[in-house]
Protein chains: 2
Amino acid sequence: MNFKVRPATREDCREVSRMIMELAVYEKMPDQVKISHEELERDGFCQNPFFQCLVAEVPEEQKSTEGFTVVGYALYFYTYSTWEGRSVYLEDLYVMPEFRGKGIGKGLLCKVAEVGKEKECVRLNLSVLNWNTPSRDFYLAKGAQDLTVSEGWHFIRFDGQSLDNLVSAAPKE
Amino acid sequence: MNFKVRPATREDCREVSRMIMELAVYEKMPDQVKISHEELERDGFCQNPFFQCLVAEVPEEQKSTEGFTVVGYALYFYTYSTWEGRSVYLEDLYVMPEFRGKGIGKGLLCKVAEVGKEKECVRLNLSVLNWNTPSRDFYLAKGAQDLTVSEGWHFIRFDGQSLDNLVSAAPKE
């Protein structure tokens, strides 16, 4: 299959937003999606953007049954390790079901690695759910380590009320 | 105890670098630290910095036994959730042992939450090692959720050879 991986433009945000929702449906949590393409445009295409995004595109003659030519995306951002320095974090990697098994996911993943390497990143990090065996196998087969298993890392989050409580307790000037 | 939490300056990088090493010694992995204060200066004080940093400072008359007045730091960066949007990630939170139990760690944590909230972040994420019970208890007591326990998130990483392999396989233009 012919496909091209390229940086997303502001005009791709509607397509990316559609696929974010498709991914959430696959993960059985569509009501968790609170952001729209407007927020993606605002947050990804400003000075100091909060994320970067690549899309996978197929030629018009290979479009999806519903008429889409943008059929996958990888959304990532730069992070930092105080031990090793510059790193890249892959938040989402998605390929539409009818385009899977054609190397598009691998193409997106490898392109993120390449873009990161150009910025001198020494790590590519991501998270997967433990029930998502296809994704875990996909990454582990390509040489990734599962640090939750090997080193015991736990992922911790403050949000909603617990985040507000911290804010209220912040030291004043 | 009197202490002040303020944004780190380029001139603080030597102190932050010293405390990064102290934290790695506490975590029994000092040989993992590959970056120096020069890298911190380059990566944190450029256009589109890879991280942000706060430091905790005590008055000269309360300096540490070794003469330090910068006694803690919080290093963080902005990330993005495709479900909820802007987020902040706390990479390191450290207070020198002789200054613990005085609210400095909480002050740093809350200040990161406040800075994040000003940027409209809806999540504050971080990772802890499962053997590090004091830290896990510290966060959970303040209302954080352990998403590895509650939702089964695993932390995955490519680095070294596995990262290079991805880069070599990236699709060409």
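Relevant structure appears above.
Reading guide: rules and limits
- Residues numbered from 1 in each chain as written.
- Chains lettered and ligands numbered in written order.
- Predicted model: local features only at pLDDT ≥ 70, side-chain atom pairs only at ≥ 80, totals over all residues.
- Heavy atoms only, no water.
- Helix = DSSP H or I, 4+ residues; strand = E, 2+ residues; numbered from the N terminus.
- Contact = heavy atoms within 4.5 Å.
- Areas by Shrake-Rupley, 256 points an atom, 1.4 Å probe, with all protein chains shown as cover.
- Lys, Arg positive; Asp, Glu negative; His and termini not counted.
- Charge placed at Lys NZ, Arg CZ, Asp CG, Glu CD.
- Polar contact = N/O pair within 3.5 Å; in protein donor to acceptor, adjacent residues only side chain to side chain.
- Expected span 1.5 Å × (residues − 1).
- Buried < 20%, exposed > 50% of the residue type's maximum accessible area, 1.4 Å probe, protein only.
- Pairing = 2+ DSSP bridges.
- Axes fitted to C-alpha atoms, helices over the stretch in contact; angles between N-to-C directions.
- 1 Å grid on protein atoms, 1.4 Å probe; cavity = no way out; pocket = protein on both sides within 12 Å on 5 of 7 lines; lining within 4 Å.
- Points joined across faces, edges and corners; volume = space filled by probe spheres on them.
- Nonpolar A, V, L, I, M, F, W, Y, C, P; charged D, E, K, R; others polar.

### Regarding the overall build of chain A
Here is step 1 of the chain: When you go through chain A residue by residue, the secondary structure sums to 6 helices and 7 strands.
Here is step 2 of the chain: Along the chain direction, N to C, the helices and strands of chain A fall in the order β-α-α-β-β-β-α-β-α-β-α-β-α.
Here is step 3 of the chain: The C-alpha extent of chain A, read off along each of the three principal axes, is 60 × 35 × 35 Å.
Here is step 4 of the chain: When contacts within chain A are restricted to residue pairs at least 6 apart in sequence, those whose partners lie at least 24 apart make up 59%.
Here is step 5 of the chain: Of the roughly 7,800 Å² that chain A leaves accessible, carbon and sulfur atoms contribute 49%.
Here is step 6 of the chain: Between the mean site of the 21 positive side-chain charges and the mean site of the 27 negative ones, chain A shows a separation of 3 Å.

### Some details on unusual backbone geometry
Here is step 1 of the chain: Residues other than glycine seldom take positive phi values, yet Glu120(A) does so here, at roughly 65 degrees.
Here is step 2 of the chain: Relative to the elements of secondary structure, Glu120(A) occurs in the loop between α3 (104-118) and β5 (123-129).

### Comments concerning the side chain of Ser87(B)
All names here are of chain B.
Here is step 1 of the chain: Locating Ser87 in the fold gives a position in strand β4 (residues 85-95).
Here is step 2 of the chain: There is a polar contact of 3.1 Å between the side chain of Ser87 and the backbone oxygen of Gly85.
Here is step 3 of the chain: The contacts of Ser87, once residues within four sequence positions are left out, are Phe77, Tyr78, Thr79, Ser81, Cys121, Arg123 and Asn125.

### What about helix α3 (residues 104-118) of chain B?
Residue and element names in this part refer to chain B.
Here is step 1 of the chain: The end-to-end C-alpha distance of α3 is 21 Å, a good match for the 21 Å that 15 residues give at a rise of 1.5 Å each.
Here is step 2 of the chain: Along α3, 12 of the 15 residues are buried, which leaves the element largely enclosed by surrounding structure.
Here is step 3 of the chain: Within α3 the residues assigned to the buried category are Ile104, Gly105, Gly107, Leu108, Leu109, Cys110, Lys111, Val112, Ala113, Glu114, Val115 and Gly116.
Here is step 4 of the chain: Immediately downstream of α3, the backbone of Glu120 shows phi near 65 degrees, a positive value.

### Concerning the sheet that holds strand β2 (residues 52-57) of chain B
Here is step 1 of the chain: Taken together, 7 strands build an open sheet; the order of strands is β1(B)-β2(B)-β3(B)-β4(B)-β5(B)-β7(A)-β6(B) and the sheet is mixed. Of all strands in the sheet, those with a lone pairing partner are β1 (4-7) and β6 (145-146) of chain B, marking the two edges.
Here is step 2 of the chain: Taken together, the 3 bridges between β4(B) and strand β5 (residues 123-129) of chain B define a ladder with parallel strand orientation. Along β5(B), the bridge assignment pairs Ser87(B) with Arg123(B).
Here is step 3 of the chain: The strands touched by helix α6 (residues 160-168) of chain A are β7 (153-159) of chain A together with β5 of chain B; relative to β7(A), the strand with the most contacts, the crossing angle is about 75 degrees.

### Here's the deal with the layout of surface pockets
Here is step 1 of the chain: Estimates place the volume of the second largest pocket at around 490 Å³.
Here is step 2 of the chain: At the level of secondary structure, the elements contributing two or more residues to the lining of the second largest pocket comprise β3 (70-81) of chain A together with β3 (70-81) of chain B.
Here is step 3 of the chain: Residues belonging to the lining of the second largest pocket are distributed by class as follows: 10 nonpolar, 5 polar and 3 charged.

### Description of the sheet that holds β3(A)
Hydrogen bonding along the main chain pairs the strands of a sheet, whether they run parallel or antiparallel.
Here is step 1 of the chain: Strand order in the open sheet formed by 7 strands is β1(A)-β2(A)-β3(A)-β4(A)-β5(A)-β7(B)-β6(A), and the pairing between neighbours is mixed. Here the strands that pair on one side only, and so sit at the sheet edges, are β1 (4-7) and β6 (145-146) of chain A.
Here is step 2 of the chain: In the sheet, β5(A) pairs with strand β7 (residues 153-159) of chain B via 7 bridges, with the strands oriented antiparallel. Residue pairing in the sheet places Val128(A) in a bridge with His154(B) of β7(B).
Here is step 3 of the chain: Taken strand by strand, α3(A) contacts β1, β2 (52-57), β3, β4 (85-95) and β5 of chain A together with β7 of chain B, and its axis lies near 160 degrees from that of β4(A).
Here is step 4 of the chain: Contacts between helix α6 (residues 160-168) of chain B and the sheet are confined to β5 of chain A together with β7 of chain B, with β7(B) contributing the most and set at about 75 degrees to the helix.

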